Amino acid sequence: MTRSFFLLLGVTLVVSGCVPAIIRRPAPPAPTAPATHSALNTTGPWTFVAAASQKVTIDTRAVVTIASDTGTRIDTVQATLGASFVWSPAARRRVDGLLVDYRVSVGGAPPAAPAGLQVNRPFSAGRSGATTELRFTLPAESTACTDPALSALQGMYDAWIPLPDTLAIGREWADTVRTLSCRDRIPLRGVVVRRFRVQRAEVEAGTRVVVTIARTSRGKISGAGEQFGEPVSLEGESSGTLWYVIDPALGRPVRASGTTLLKLSLKSRLRNQAVRQESALTLTFVP
């Protein structure tokens, strides 16, 4: 909050004998403008160049409810993903990075990397042809169910948001994300439509303007495979909202938070399961 300081000037009256009172007044001080954030643009638009190099930590806290023919089980799951990445200068059509941390804990167990996952793993994703969708090229999609790295890296899509060169209050745009992960050795493919809207801008810490962008998403996920020699199919839907705080001067997000919901059903001749996963996400970006 801006504080205004006021200086009170006293006036001295001199009286001597029959001499009329003489009032000596100092020259009035030059008017000063109160300290404000007028130099900071909070109304937009904001034109900027997106930062090429970024680092992000993504923390996920989820409650997973699994209902089956024999009962219901509720688990709490926590996951932390850490990565650095660099956008190519050619219209952000390629991103290369390094997965430096990924740990998961279920219930009260200590966080640990999934079996077979090696950190400090390089990754790459790019856009082919005229498409605007980023797809992983490293790790290869063929390793989805043999290497946990690709499933872990799907969380990076929350860190990759398409920012136009100019932001303005009320501006809207959308994109589509296609995911590939593996659950119980069954590959799961998802399609998520994400919609972005510039909500507001405000002065933060008295020194910079940050812009809040709301992202809503709706998606579908499906997969099929075999378990114990039996055909298994999975289908589900997802939805969520994230709020990104963007610093136009830095050309990148500084943080984001929100919630997502995934509903998934598994069907086979031997069993049926309904999975509900409610997650809270926090993203922290650093230079």
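Quick caveat, the model's predicted, so the values are computed rather than measured. (Residues numbered from 1 in each chain as written. Predicted model: local features only at pLDDT ≥ 70, side-chain atom pairs only at ≥ 80, totals over all residues. Heavy atoms only, no water.)

Some thoughts on the state of the cysteines
For step 1, the next point in the chain: Taken as a whole, this structure holds 1 disulfide when the rule is applied.
For step 2, the next point in the chain: Across the disulfide from Cys-145 sits Cys-182; the S-S distance is 2.0 Å. Of note, the bridge from Cys-145 to Cys-182 carries an S-S torsion of about 100° and is right-handed in sense. Residue Cys-145 is found in the loop between β8 (135-138) and α1 (148-153), and its partner Cys-182 is found in strand β10 (residues 172-183); the two are separated by 37 residues along the sequence.
For step 3, the next point in the chain: Its relative accessible area of 22% is what places Cys-145 among the partly exposed residues. (Disulfide = S-S within 2.5 Å. Helix = DSSP H or I, 4+ residues; strand = E, 2+ residues; numbered from the N terminus. Buried < 20%, exposed > 50% of the residue type's maximum accessible area, 1.4 Å probe, protein only.)

With respect to the layout of surface pockets
For step 1, the next point in the chain: Quantified by volume, the second largest pocket comes out at close to 420 Å³.
For step 2, the next point in the chain: Lining the second largest pocket are 23 residues; nearest its centre among them are Ala-91, Arg-92, Arg-127, Thr-132 and Pro-162.
For step 3, the next point in the chain: The biggest single contributor to the lining of the second largest pocket is β10, with 4 residues.
For step 4, the next point in the chain: Split into classes, the residues belonging to the lining of the second largest pocket amount to 13 nonpolar, 3 polar and 7 charged. (1 Å grid on protein atoms, 1.4 Å probe; cavity = no way out; pocket = protein on both sides within 12 Å on 5 of 7 lines; lining within 4 Å. Points joined across faces, edges and corners; volume = space filled by probe spheres on them. Nonpolar A, V, L, I, M, F, W, Y, C, P; charged D, E, K, R; others polar.)

Some points on the nonpolar core
For step 1, the next point in the chain: Of all hydrophobic cores here, the largest spans 45 residues; its most connected members are Phe-123, Met-156, Trp-160, Leu-167 and Ile-213.
For step 2, the next point in the chain: In terms of residues, this core owes the most to one element, strand β5 (residues 71-87), which gives 5 residues.
For step 3, the next point in the chain: Non-local contacts of Leu-167, meaning those with residues more than four positions away in its chain, are made with Pro-45, Trp-46, Phe-48, Trp-173, Val-198, Val-211, Ile-213 and Ile-246.
For step 4, the next point in the chain: Ile-186, Val-232, Leu-234 and Leu-266 belong to the second-largest nonpolar core, a separate cluster that totals 11 residues. (Core = buried A, V, L, I, M, F, W, Y, C linked by side-chain atoms within 4.5 Å. Contact = heavy atoms within 4.5 Å.)

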